[in-house]
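# Structural overview
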Amino acid sequence: MCGIVGYVGAKSAVDVLIGGLKRLEYRGYDSSGLVVAADKALHFVKDTGKVRQLETRVHAAWPQAFRQRVGMGIAHTRWATHGAPTRENAHPHSDQTGRLALVHNGIIENYAALRQQLAAKGHTFVSQTDSEVLIHLIGELYKGNLFEAVCAALKHVEGTYGIAAVSVDHPDQIVAARKGSPLVIGMGENETIIASDVSALISHTRQVIYLDDDDVALLTPAGADIRNIHNVPVSREVAQVDWDVGVAEKGGFEHFMLKEIFEQPDALSNTLRGRLDEQMGTAMLAGLALSPRELAAIRRVVIVACGTSLHAGMVGKYYFEELADLPTEVEQAAEYRYRNPIIHPTDMVVAISQSGETADTLAAIREAKQKGALVVGICNVVGSTIARETGRGVYLHAGPEIGVASTKAFTCQLAVLLMMALKVGRARRLSRQDGLEICAQIKRIPDLVKAVLDRNAAIIKVAERYATAKDFFYIGRGCMYPVALEGALKLKEISYIHAEGYHAAELKHGPIALLDEHAPVMALLNNIAGKEKMISNVQECRARQAPVIGVLSEGDRDTATHVNDALHVPLAPHLSAPIPTAVALQLFAYHVARLRDCPVDQPRNLAKSVTVE
Ligand code: F6R
């Protein structure tokens, strides 16, 4: 997820673009850039880091008189997906002539093939991005009409995009197009603005047009001419925005956390995109960069992580043991780094970190590398320290996570772990048939999550009944045990309710002493192995008057008779069931915290990235 803004009109394009980028920074913030058209040339400024740095550079590069008279430009704040967050990879990108420029959100899936074809025609590239390939393709097809060249190029593109393109020949035009990556046009007076969301343009106009997939728009100060990719005009309604800026940044959601919970079907689709090989029944994880022979030589998996990422790793243990037949240990990263752990050259050490900057996880991989283990990363932030130091691994592509409580990163980590275990398993003893079955299960994950989100209203009702609790217990078995730990973590960190996660069998070894009518229990009772034993544990809780909320598979009426309240999740195979279950628990925690008026996105004492020990 990145931020796009483009402006054509009577104001200073530079001021509008920088202002818009600042509003969009929550969508991506590892590098940014802008291009303006003036004096028969395109002028670029790009930088790594925050938009503030870009602004300083712009002021140093362009005198005020120049900044004030430029009336057209496009800008971008980036969240790296292809290529590290460097100046070269920052947008806008230009074509081979330097006379066209483009900003792009999304992923061009066939960019490698397109890049090869263009290279054969003499194109040279300065970045590792898929976006640069797209503007080169537009340049290759450009015969003086930018709109036509964009349409022609998009016919060759597979993947998703929201783009804005400009040409030095038309300093009063921007061409924008959308497929799968949102774009909205602001219709001002003698000015037109394009942005990836309304927050970037709301201070200029409240009259907007939301582009649909396959729309291509020609923007001039007079307005927008919207057509489809085959140059046929389409009609789109002008809407009136009545949100304030804060709400707009959150896409209409009250908090980033809620927005990120609801983004999960898309985030998971991005994580899975292009990674399942449905011929061979395996996963294609280019970043892993290990041959089947190297994968077959692994003797043990050791997962190191902290917090929510650690819980993802604990679910991953089930995946690696079941699919790849590999003994798997999961270690709190600080414990691992200080324990002088036994590490073999045949170990694969997997570091999981959303931020890629967690100090203990970083130190753990340094220790593992020092002792000769194969080290692999699972990170969300492209180019983060852990991603760079592991050198190989799999990115989540979940988009930036702003809410301090990790949500979409967790479910995307599970999806990556499942694909990783599938890939390693197929290099060992998993059959093609079994691999195909797992692929089919993985493909369904975004829909499973959607089905949980559709039950938000029912989850709110349950949250209302428990929002005043002082203590909470979460219990689960098997791969639902780590999900119970994660559910309890979500609740405690944002609602400040004391919540503990336990293996259900562990209750009677001590914690059951705390149960009474004031201590509700969240029991993960999905229809998977161990459910009967879970029901016995639930009965033990209810015998102590503890109210029980069951997470139940849709339609499981029998189990419903054992609990006081229920959160329903779709029936799912045991390997994918942790994902929809986690989403139900995220929603429950969110609503409880909201009902208690807690600052959901910035819980007390917590930081998004823990870069100290
Ligand atoms: C909880 C949460 C933290 C992080 C932990 C590790 O919601 O977000 O527990 O999971 O600080 O962070 P990363 O994944 O960035 O290494």
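Described below are features of the structure shown in this document.

Basis of the calculations
- Residues numbered from 1 in each chain as written.
- Predicted model: local features only at pLDDT ≥ 70, side-chain atom pairs only at ≥ 80, totals over all residues.
- Heavy atoms only, no water.
- Near = heavy atom within 4 Å.
- Polar contact = N/O pair within 3.5 Å; in protein donor to acceptor, adjacent residues only side chain to side chain.
- Areas by Shrake-Rupley, 256 points an atom, 1.4 Å probe, with all protein chains shown as cover.
- Helix = DSSP H or I, 4+ residues; strand = E, 2+ residues; numbered from the N terminus.
- Domains from an automatic or database assignment.
- Pairing = 2+ DSSP bridges.
- Contact = heavy atoms within 4.5 Å.
- Axes fitted to C-alpha atoms, helices over the stretch in contact; angles between N-to-C directions.
- Disulfide = S-S within 2.5 Å.
- Buried < 20%, exposed > 50% of the residue type's maximum accessible area, 1.4 Å probe, protein only.

Neighbouring the ligand are 14 residues, the closest being Ser-309, Ser-353, Ser-355, Thr-358 and Glu-493. Separating an oxygen atom of the ligand from a backbone N or O atom of Ser-406 is a distance of 2.9 Å. Notes on the ligand: free accessible area 400 Å², of which the protein chains cover 89%. For the shell around the ligand, the secondary structure elements donating two or more residues are helix H11 (307-324) and helix H19 (481-495). Each of domain 2 (270-443) and domain 3 (451-613) contributes no fewer than three residues to the shell around the ligand.

Below, the discussion takes up the sheet that holds strand S13 (residues 223-228). Pairing within the open sheet is antiparallel, and its six strands lie in the order S5-S6-S7-S8-S12-S13. Strands at the two margins of the open sheet, each flanked by one partner only, are strand S5 (93-94) and S13. Of the strands in this sheet, S5, strand S6 (100-105) and strand S7 (161-167) are in contact with helix H5 (residues 130-141), which crosses S6 at around 140°. Contacting S6, S7, strand S8 (174-179), strand S12 (215-220) and S13, helix H6 (residues 146-154) crosses the sheet at an angle of about 145° to S7.

Here we come to the state of the cysteines. The full count for this structure, using the stated rule, is zero disulfides. Free of any disulfide, Cys-439 has its nearest cysteine sulfur in Cys-412, 17 Å distant. For Cys-439, a relative accessible area of 1% gives the class buried.

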